[in-house]
Amino acid sequence: MKIEHIGIWAKNLELLKSFYVEHFNAIANTKYYNRKKQFSSYFLSFENGARLEIMHSQHGSNTNGLFHIAISVGSTSAVDDFYEYALFKEINVLNQPRETGDGYYEFILEDPEKNQIEVTV
């Protein structure tokens, strides 16, 4: 397993993207936009392979700052297996495995302090 990315809410998505690109040499992907949810995001890649997902919602219901950690388990079948494991261990699971609009296969659970963890490919 490895940390796949860390998600951060942004009040000003373009400003936050520019900050990481200018000062930390991050490379931004093409902006993702979900019209239905009024949600937009960028994935920022760094030289060592680590990534940040910076996100913004027009609804303003989110808070600013750290939102989730995504942990890659390697395959869709491993995601499904970990989902069954989490249910068996009575870990608080927030949704079933699914493919997201930006191409991830994942489900979300909470750690004991209610931090969200995306278990993904």
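Refer to the structure presented above.
Computed from a predicted model, the values in this text were never measured in an experiment. Residue numbers restart at each chain and count upward from 1, following the sequence in its written direction. A pLDDT threshold of at least 70 governs which residues receive local features in this predicted model, and a stricter bar of 80 or more applies before side-chain atom pairs are shown or counted, although totals over entire chains, interfaces and linings include all residues. Water and hydrogen atoms were dropped before computing side-chain values, which therefore reflect all heavy atoms in the structure.

Colleague: With reference to specific residues and values, describe the environment of Pro112.
Modeller: Tracing the backbone through its elements, the reader meets Pro112 in the loop between β8 (105-110) and β9 (116-120). When its relative accessible area of 87% is taken as the criterion, Pro112 is described as exposed. Helix and strand definitions follow DSSP, with helices as H or I runs of at least four residues and strands as E runs of at least two, each counted in order from the N terminus. Partly exposed describes any residue whose relative accessible area lies between the buried limit of under 20% and the exposed limit of over 50%, with all areas from a 1.4 Å probe on protein chains only and scaled to the type maximum.

Colleague: So what's going on with the packing of aromatic side chains? Which residues, and what values?
Modeller: When two rings of Phe, Tyr or Trp (its six-membered ring) have centres within 6.5 Å they constitute a pair, described as stacked for plane angles under 30 degrees, edge-to-face for angles over 60, and tilted for the intermediate range. In total, this model carries eight aromatic pairs according to the counting rule given. Seen from their ring centres, Phe43 and Tyr104 are 5.6 Å apart, and the 35° between their planes marks the pair as tilted. Of this pair, Phe43 sits in strand β4 (residues 39-45) while Tyr104 sits in the loop between β7 (98-99) and β8, and the two are 61 residues apart along the sequence. One exposure class covers both Phe43 and Tyr104, and it is buried. Three or more aromatic residues joined by ring pairs make a cluster, and in this case those are Trp9, Tyr32, Phe39 and Phe67.

Colleague: Residue-level account of the pairing of β4, with values.
Modeller: Burial of β4 is extensive: six of the seven residues sit out of reach of the surface. Pairing of strand β2 (residues 27-28) with β4, which is carried by two bridges, proceeds in the antiparallel orientation. Within β4, the residue paired with Ala28 across the bridge is Leu44. Sheet topology places strand β3 (residues 32-34) next to β4; three bridges connect them, and they run antiparallel. The partner of Tyr32 across the bridge, within β4, is Ser41. Any two strands with at least two DSSP-identified bridges between them are counted as paired. A loop of four residues connects β3 with β4, the two strands running antiparallel in sequence, and Gln38 in this loop sits at a positive phi of about 50°. Alignment of β4 against strand β5 (residues 51-57), held across seven bridges, turns out to be antiparallel. In the sheet register, Phe43 faces β5, and the bridge partner there is Glu53. Counting the residues between successive antiparallel strands, the hairpin from β4 to β5 contains five residues, one of them, Gly49, with a positive phi of roughly 100°.

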